[in-house]
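Chain and residue survey
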Amino acid sequence: MTSADMDVKKYLSRIGFSGPAEPTLDVLWSLHLRHQLSVPFENLTIHSGGKIQLDLPVMYDKIVNQRRGGFCFENNGLFYWLLCQLGFQVTLLSGQVKSPVTGYYSPPFSHMVIMVSLEGKRWLCDVGYGTGFPFPLSLETSDPQEQGHRAYRIRQVEGMHFLEVQRYVYKKPRGDWSEVYKFTLEPRHMEDYEEMCQYHQTSPHSLFFCKSLCIIIRPAGRLIYIGRRLISTTYSNEENGIVKTTRQLKDEEIPDVLAKEFGVVLNAPLIPKDDDITPPPVMY
């Protein structure tokens, strides 16, 4: 398909958005949430014989027509296109994710995030991070921003912005702040991410090459498929604030689970993968 075949209304229908699609803060918040509730964060193309392309018509066809999901470059790349079409002032940014395994950050351009400038204020948007935030975050403050059972803050140090998260139970913080990723506000372009898109599909240092995964946000938690596991996470006001269950899957069960739980139907057989990630030789 071509860019002429990309239909904003069909995209809005795909994510379950109805009503006037105007460049307002309320619409931005609604679009941000609806996208994450409807479009999975997934890298299954890599593990079913395909290749991910940073081409807008290809991403549109995959996410809207085929009702698939994608990883950050796809979900945020297409969301960026949608916001531009609706009249928002949008900027692509380069992010680096902090690994919970090594404690180091991924290379520059390994994560794509979005900044929206609206009525003199700036907002961080990200519909392409599997365990991300439901609503846009203000870039005008370093104070905690509570969303459901979590609080977020954006700390700035010498031009670098650090997104941090803290779990909340009974509206009170539980545990320390944890760094999620860092980013600058320098404007970027889609082609700037090409090299890292290839890296994530081929490198043993990348989560996406080492593990087949699919994540969908739910109103009260998340559902995560990874390798041969299905992990359900539900937020609660119990002692720990979170209830997690894990189900082991047989290979023959996985296609049905992906179809029923995530709405994902693959065109080729999936090879489940859950390998250890090799720490990169260069740490950031």
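The structure under discussion appears in the preceding block.
Each chain has its residues counted from 1, following the order in which its sequence is written. For a predicted model such as this one, the threshold for reporting local features is a pLDDT of at least 70, and the threshold for listing and counting side-chain atom pairs is 80 or more; totals across whole chains, interfaces and linings nevertheless cover every residue. Side-chain calculation: all heavy atoms of the structure are included, whereas hydrogens and water are not.

Attention shifts here to the packing of aromatic side chains. When two rings of Phe, Tyr or Trp (its six-membered ring) have centres within 6.5 Å they constitute a pair, described as stacked for plane angles under 30 degrees, edge-to-face for angles over 60, and tilted for the intermediate range. On inspection of all chains with the given rule, the structure shows 13 aromatic pairs. The interplanar angle of 65 degrees and the centroid separation of 6.3 Å between the aromatic rings of tyrosine 105 and phenylalanine 162 together place this pair among those described as edge-to-face. Placement of tyrosine 105 in the loop between strand E2 (89–97) and strand E3 (111–118) and of phenylalanine 162 in strand E8 (residues 160–169) is noted, with a sequence separation of 57 residues between them. By relative accessible area, which is 13% here, phenylalanine 162 ends up buried. With 5.7 Å between their ring centres and 70 degrees between their planes, phenylalanine 133 and tyrosine 152 make a pair best called edge-to-face. With phenylalanine 133 in the loop between strand E4 (121–125) and strand E5 (137–138) and tyrosine 152 in strand E7 (residues 150–157), the pair connects residues that are 19 residues apart, well separated along the chain. In DSSP terms, a helix is any run of H or I states spanning at least four residues, a strand is any run of E spanning at least two, and both are numbered starting from the N terminus. For every residue, the accessible area (1.4 Å probe, protein chains only) is compared with the maximum for its type, and the residue is labelled buried under 20%, exposed over 50%, or partly exposed between those bounds.

Buried within helix H3 (residues 56–65) are the following residues: Pro57, Met59, Tyr60, Lys62, Ile63 and Val64. Residue contacts follow a heavy-atom distance rule, with two residues in contact if any of their heavy atoms lie within 4.5 Å. On its buried face, H3 is in contact with helix H1 (8–14), strand E1 (41–42) and helix H4 (72–85). Downstream of H3 by one or two residues, arginine 67 has phi in the positive range, about 60 degrees.

So, about the nonpolar core. Definition of nonpolar core: a set of buried residues of the types Ala, Val, Leu, Ile, Met, Phe, Trp, Tyr and Cys, connected through side-chain atoms within 4.5 Å. Ranked by size, the top nonpolar core spans 48 residues in total, and within it Tyr11, Leu31, Phe73, Leu82, Leu83, Phe88 and Val116 carry the most contacts. Looking at this core element by element, the count peaks at seven residues for H4. If sequence neighbours within four positions are ignored, phenylalanine 88 has contacts with Glu22, Pro23, Thr24, Val27, Leu28, Leu31, Leu83, Val116 and Leu118. Of all hydrophobic cores here, the second largest spans 15 residues; its members include Val113, Leu137, Val165 and Tyr181.

This next bit is on the pattern of salt bridges. Side-chain pairs of opposite charge can arise where the charged atoms are in close proximity. For this analysis, a salt bridge means a side-chain nitrogen from Lys or Arg found within 4 Å of a carboxyl oxygen belonging to Asp or Glu. By the definition in use, this model includes 13 salt bridges. One salt bridge in this structure joins arginine 68 and glutamate 42, with 2.8 Å as the shortest N-O distance. Taken as a pair, arginine 68 in the loop between H3 and H4 and glutamate 42 in strand E1 lie far apart in primary sequence, 26 residues in all. Relative accessible area serves as the criterion here: at 0%, glutamate 42 is assigned to the buried category. Of the charged contacts, one joins arginine 155 and glutamate 179 as a salt bridge, the two residues approaching to 3.2 Å between their closest N and O atoms. A residue pair is termed long-range when its members are at least 10 positions apart, and arginine 155 in strand E7 and glutamate 179 in strand E9 (residues 172–183) qualify at 24 residues. Relative accessible area serves as the criterion here: at 28%, arginine 155 is assigned to the partly exposed category. Among the charged side chains, a salt-bridge network with shared partners connects Lys98, Arg153, Arg155, Glu164 and Glu179.

The values reported here are purely geometric and, on their own, carry no functional implication.
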